[in-house]
Amino acid sequence: RAPYFLSKGISGNFVAFGLATDAMTQLAVTILLAPLLMRYPARILGAAAFAIEAVALILAIFTTETWQMFIANIMAGLGVGTLMLLQTVIWPTYFGRANIGAIRGLATPISLVFSAAGATVTGLVFDASGSYFIAWWIATAGLVIGSVMLGLTRPPKWTPFKHEVASG
């Protein structure tokens, strides 16, 4: 997002502070969200987080002023922070705890590869087309699809924790 915001004429100092605001928001939301996990299903909070990320990206696309960049970054921080916290709840809810290490051990590198590739692919799209819009609209569509899928995917009817073998 930084090169894009710079290309919109936003000061580098404000862009740096805006990205720091994103990170500070992630930290705050992980602390403040914990009580909501007791009241609302993790899949609903996760679906909302994906939707917030989509809104953040749309706001970024249409940013022309410094204050808009800050709003987009705060929204991005809300979404990412929520998703980071929810991973500790969603994985065991859907797959149980018995093999969570193996499941996360397989899924995490795949997730990291896609995360790392995102900036590179976006840069390649920009180099080829002269615009970030194509890549960002594809990412927005992916976030909306993820939001709908997570919102509609209910956990298994069985409780994973009842079917686990006690160790020792």
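Residues numbered from 1 in each chain as written. Predicted model: local features only at pLDDT ≥ 70, side-chain atom pairs only at ≥ 80, totals over all residues. Heavy atoms only, no water.

(A) Representation of the packing of aromatic side chains in the model. Applying the stated criterion to the full structure yields 10 aromatic pairs. Ring plane angle 65° and centroid distance 5.7 Å describe the contact between F17 and F70, whose orientation is recorded as edge-to-face. Here F17, found in helix α2 (residues 12-32), pairs with F70, found in helix α5 (residues 66-95); they are 53 residues apart in sequence, far enough to count as distant. The exposure class assigned to F70 is buried, which follows from its relative accessible area of 15%. An aromatic cluster is defined as three or more aromatic residues linked by ring pairs; in this entry it consists of Y4, F5, F126, Y132, F133 and W136. (Phe/Tyr/Trp six-rings, centres within 6.5 Å; stacked < 30°, edge-to-face > 60°. Helix = DSSP H or I, 4+ residues; strand = E, 2+ residues; numbered from the N terminus. Buried < 20%, exposed > 50% of the residue type's maximum accessible area, 1.4 Å probe, protein only.)

(B) Structural detail: the side chain of E53. Relative to the assigned elements, E53 resides in helix α4 (residues 42-61). It is R1 that comes nearest to the buried, bridge-free E53 among opposite-charge side chains, at 6.9 Å. Within the local environment of E53, its side chain forms a polar contact with the backbone nitrogen of V80, the two atoms lying 3.1 Å apart. In contact with E53, other than residues within four places in its own chain, are M75, A76, G79, V80, L83 and L143. (Lys, Arg positive; Asp, Glu negative; His and termini not counted. Salt bridge = Lys/Arg side-chain N within 4 Å of Asp/Glu carboxyl O. Polar contact = N/O pair within 3.5 Å; in protein donor to acceptor, adjacent residues only side chain to side chain. Contact = heavy atoms within 4.5 Å.)

(C) Expanded view of the packing of α2 against α5. Where α2 contacts α5, the axes come no closer than 7 Å and their chain directions differ by 30°. As α2 runs across α5, the sense of the crossing is right-handed. Split by residue class, the contact of α2 with α5 holds 13 nonpolar, 10 polar and 1 charged. (Axes fitted to C-alpha atoms, helices over the stretch in contact; angles between N-to-C directions. Left-handed = near helix turned anticlockwise from the far one by under 90°. Nonpolar A, V, L, I, M, F, W, Y, C, P; charged D, E, K, R; others polar.)

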